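# A closer look at the structure
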Amino acid sequence: MPHENGHALPLSISFCVTTADRPDVKTFLRAQLERHAQRLQELDFLLSREDVMRDPQGFLRLSREHTEVSAVTSRWMEYQQASVDAHHSREMLDEPGLGEDFRQMALEENQQALARCLRLEADLQRMLLPKDPDDDRPAFLEIRAGTGGDESALFAADLLRMYNRYADQRGWRTELLSESPSELGGYKEVVLRVSGEHVYGRLKFESGGHRVQRVPATESQGRIHTSACTVAVMPEPDEAQAVAINPADLRIDTFRASGAGGQHINKTDSAVRITHLPTGIVAECQDHRSQHRNKARALQVLAARIAERERAHCSAQEAATRKGLIGSGDRSDRIRTYNFPQGRLTDHRINLTLYKLGAVMEGQLDDVLDALQSAREAEQIEALELGT
């Protein structure tokens, strides 16, 4: 399927056959859909039982499952009806002696029914894909300057502004947890907490190396320089499932916050830095006046980074056995190039090129994130078909 800018995106795998025959789903998907219909009957029965209703947590869990299963089953029934309509209109077209007016009407009905099948199949594909339980969680977004010195630090500030703008457009809340400013107004490192609807699920593909090509403000001869930043997006751990950290493995330091924190923040050692001694992972927070709150936030970031390390290890093992279209999110992966002289953004994982870099830097990221999500869904569907 060509992108609006002429660059190919991964094709969505179709299971609705637009032929003269009645459309049908593939066997591996039909089995899942029929299990959903059976499960819906079981849930209807369970939710009507008094002993289940007396267990608030169990009732809530079953109610949530009922909502999800019911939505899939309802869409599956719509698909079956559209399939029947396509079949009947096809039969009408095959009737001998059919007048031209009726033939045209049957043809239109057939085309409309097949179009509904295509739309409903896409919905069913997405609904049946494995869900990441972290997708709806808040996220920590970390940006670090890399190669390129001051220009890299300035680009880190540009990325921070881009993500803040995007968060504003989505109605998300951002909270600056820590910053390490550079001399020219950029950042050596900056960490945000982003909360709202579906934050991690939307931003998780941003992890990796971001490369910029442009003429730095400090360049007197107009030469294009290349520099880079790394971005890491980590889900905020669920307190009930957070990585267990032994307090004896922690070194906690307090210090005076840097950056624009107001006079009060520079007079007290309210900022907190926590080091996990076994791994060397460090997290800090300096956003709040309260040392206690900064310590709590820093512990959350630390837990997220430890969990991310474990997740990256698992992803690396998984990538060895599958194609890994989107990649593991490892920070060493160069995922995207921002070419300012050409106004071009290229995402190397899916060969996506957009000539709207100015709009993207203003936070208009949906075209990029939608394409990445579609690519991931196509990869998941392919894995389901292959049984991997």
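One can find the structure itself at the top, above this paragraph.
Before going into details, it helps to say that this report is about the structure given with it. This structure is a prediction, so every number in the text was calculated from the model and none was measured.

For the rest of this paragraph, the subject is the pattern of salt bridges. The tally for this structure, following the rule as stated, stands at 33 salt bridges. Close ionic contact of R49 with D51 constitutes a salt bridge, the shortest N to O distance being 2.8 Å. Look at R49 and you get partly exposed, because its relative accessible area is 33%. Note that D94 and R90 form a salt bridge whose closest N and O atoms lie 3.3 Å from each other. Exposure remark for R90: the relative accessible area of 24% places this residue in the partly exposed category. Taken together, the shared-partner salt bridges connect R75, E78, D123 and R126 into one network.

If you walk across this open sheet you meet the three strands as β6-β7-β8, and the pairing is antiparallel. Unpaired on one side and paired on the other, β6 (250–255) and β8 (281–285) mark the two borders of the sheet. Looking at each pair of strands side by side, their axes are set apart by 15° on average, direction ignored.

The phi torsion at H198 lies on the positive side, around 60°, for a residue other than glycine. Mapping H198 onto the fold places it in the loop between β3 (187–195) and α6 (199–203). The phi dihedral of N351 falls on the positive side, at around 55°, and the residue is not glycine. Of note, N351 is situated in the loop between β10 (344–347) and β11 (352–354).

So, on to the side chain of K204. The topology assignment puts K204 in the loop between α6 and β4 (208–214). Looking at K204, its side chain comes within polar contact range of the side chain of D135, at 2.9 Å. In contact with K204, not counting residues within four places along its chain, are D132, D135 and V233.

Attention now moves to helix α4 (residues 100–128). Its 29 residues give α4 an end-to-end C-alpha distance of 42 Å, which sits within 8% of 42 Å, the value for a rise of 1.5 Å per residue. Taken together, the buried positions of α4 are occupied by A106, N110, A113, L114, C117, L120, E121, D123, L124, Q125 and L128.

A few words now on the packing of aromatic side chains. Each aromatic ring pair is summarised here by two numbers: the centre-to-centre distance and the angle between the ring planes. The tally for this structure, following the rule as stated, stands at three aromatic pairs. Both rings, one in W76 and one in Y79, keep their centres 5.9 Å apart while their planes meet at 20°; by these two values the pair is stacked. Linking W76 with Y79, this pair stays in helix α3 (residues 56–93), spanning three residues, or about one helical turn. Pairing Y166 with W172 gives two aromatic rings, centres 5.6 Å apart and planes at 85°, and the pair type is edge-to-face.

A word on the pairing of β10. Side chains R344 and T346 project from β10 onto one buried face, and the interleaved L345 and D347 project onto a second face that is buried too. The pairing of strand β9 (residues 334–339) with β10 spans four bridges and is antiparallel. Across the sheet, residue N339 finds its bridge partner in β10, namely R344. Counting the residues between successive antiparallel strands, the hairpin from β9 to β10 contains four residues, one of them, G343, with a positive phi of roughly 60°. The antiparallel pairing of β10 with β11 creates a hairpin that spans four residues between the two strands, and N351 there sits at a positive phi of about 55°.

Here the focus is the pairing of β8. Burial runs high along β8: four of the five residues are buried. In this sheet, β8 lies alongside strand β7 (residues 271–276) in antiparallel orientation, the contact comprising five bridges. Bridge pairing in β8 links V272 to C285. Connecting the antiparallel pair β7 and β8 is a turn made up of four residues, with G280 showing a positive phi of about 80°.

The rules behind the values
- Residue positions are given per chain, counted from 1 along the sequence in the order it is written.
- With the structure being a predicted model, the display of local features is reserved for residues of pLDDT at least 70 and the display and counting of side-chain atom pairs for 80 or more, all residues being used for whole-chain, interface and lining totals.
- Here the side-chain values reflect all heavy atoms present in the structure, with hydrogen atoms and water set aside.
- When a carboxyl oxygen of Asp or Glu is within 4 Å of a side-chain nitrogen of Lys or Arg, the pair counts as a salt bridge.
- Only protein chains enter the accessibility calculation, which uses a 1.4 Å probe. A residue is then buried if its area is under 20% of the maximum for its type, exposed if over 50%, and partly exposed in between.
- Strands were regarded as paired on the criterion that DSSP finds at least two bridges between them.
- Only DSSP runs of H or I covering at least 4 residues are called helices, and only runs of E covering at least 2 are called strands; the numbering of each starts at the N terminus.
- What counts as an axis is a line fitted to C-alpha atoms, over the stretch in contact for a helix, and the angles between N-to-C directions run from 0 to 180 degrees.
- Residues adjacent in sequence count toward polar contacts only when both atoms are side-chain atoms; beyond that, a polar contact is any pair of N or O atoms within 3.5 Å, and within protein one must be able to donate a hydrogen and the other to accept it.
- Should any heavy atoms of two residues lie within 4.5 Å, those residues are counted as being in contact.
- Here the expected length of a helix is defined as 1.5 Å per residue gap, with one fewer gap than residues.
- Ring pairs are drawn from Phe, Tyr and Trp, using the six-membered ring of Trp, whenever the two centres fall within 6.5 Å, and their geometry is named by plane angle: stacked under 30 degrees, edge-to-face over 60, tilted for the rest.

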